[in-house]
Amino acid sequence: VRHSIPFIVEDAGRDNPFLGKECTWYHESFPRAKMRAEYTGEGPSKFVSIGGEHWLTKGRQTKPPQGHASGDNTEFNAPYVWHVKDGGDEAPPAVRAEIQHVWKPAYFLDGAVNLREANESQEFWFSLQNGSVMAHADTYCIPAVSLQLR
């Protein structure tokens, strides 16, 4: 971490109550929240209601942009990302508070500062079969706790 080398902790979400939930659970539990259609939409079409039906069954095939570090040109289902951390339309105050109340930070995060940061930075990635989140670097300088759900 101190040398800016990315890493993945595969069991970081263990004991998290959001793991194992089907996409329909999020759809039914947070119908007023919105998420972003990554890699395929711009403008108003970029935001999709979690309460909508379309995203649960209809894939959005895309390819990595030319020159992407993956070096791959294979089509995949573009994911949706729900930035709970951003609040606003993506997570109205009541929704954000509900997520934060239930959220369980990773077992290796201890100390008040780490726990606060983890509770303020949740994002959920949803994808259909053959879906993928492309490797990327975000512009914000905060730790992001990201769950990728299929």
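Everything below is about the structure printed above this text.
Every chain is numbered on its own, with residues counted from 1 as its sequence reads. With the structure being a predicted model, the display of local features is reserved for residues of pLDDT at least 70 and the display and counting of side-chain atom pairs for 80 or more, all residues being used for whole-chain, interface and lining totals. Side-chain figures throughout are based on the complete set of non-hydrogen atoms in the structure, without hydrogens or water.

S.K.: Account for the pattern of salt bridges, with residues named and values stated.
M.R.: By definition here, a salt bridge exists when the distance from a side-chain nitrogen of Lys or Arg to a carboxyl oxygen of Asp or Glu is within 4 Å. Summed over the entire model, instances satisfying the criterion amount to three salt bridges. One salt bridge in this structure joins Glu 38 and Arg 36, with 2.9 Å as the shortest N-O distance. Burial classes: relative accessible area under 20% of the type maximum marks a residue as buried, over 50% as exposed, and values in between as partly exposed (1.4 Å probe, protein chains only). Under the relative-accessibility criterion, Glu 38 is labelled buried at 9%. Where Glu 123 meets Lys 85, a salt bridge forms, and the shortest distance between an N and an O atom there is 2.6 Å. Residue Glu 123 is found in strand 6 (residues 122–126), and its partner Lys 85 is found in the loop between strand 5 (80–82) and helix 3 (93–102); the two are separated by 38 residues along the sequence. You can call Lys 85 buried: its relative accessible area is 9%. A run of H or I in DSSP becomes a helix once it reaches four residues, and a run of E becomes a strand once it reaches two; helices and strands are each numbered from the N terminus.

S.K.: Provide a residue-level description of the environment of Gly 59, including the pertinent values.
M.R.: Among the structural elements, Gly 59 can be located in the loop between helix 2 (54–57) and strand 3 (61–62). Relative accessible area serves as the criterion here: at 33%, Gly 59 is assigned to the partly exposed category. For the pair Gly 59 and Asn 130, spaced 71 residues apart in the sequence, the C-alpha separation amounts to 9.2 Å.

S.K.: Got a sec to walk through the nonpolar core? Specific residues and values, please.
M.R.: Buried Ala, Val, Leu, Ile, Met, Phe, Trp, Tyr and Cys residues form a nonpolar core when they are joined through side-chain atoms within 4.5 Å. By size, the foremost hydrophobic cluster in this structure holds 20 residues, and its most contacted members are Tyr 26, Trp 55, Trp 82, Phe 124 and Phe 126. Residue assignment for this core shows that the elements contributing at least two residues are helix 1 (23–29), strand 1 (34–37), helix 2, strand 5, helix 3 and strand 6.

S.K.: Provide a residue-level description of the packing of aromatic side chains, including the pertinent values.
M.R.: Two aromatic rings, drawn from Phe, Tyr or Trp (for Trp, its six-membered ring), form a pair once their centres lie within 6.5 Å of each other, and the interplanar angle then sorts them: stacked below 30 degrees, edge-to-face above 60, tilted otherwise. According to the stated counting rule, one finds 15 aromatic pairs in the structure shown. When the ring of Trp 25 is compared with that of Tyr 26, the centres are 4.9 Å apart and the planes differ by 90 degrees; the resulting orientation is edge-to-face. On the accessibility criterion, Tyr 26 (0% relative accessible area) is buried. Chaining the aromatic ring pairs together yields one cluster made of Phe 18, Trp 25, Tyr 26, Phe 30, Trp 55, Tyr 80, Trp 82, Trp 103, Phe 124 and Phe 126.

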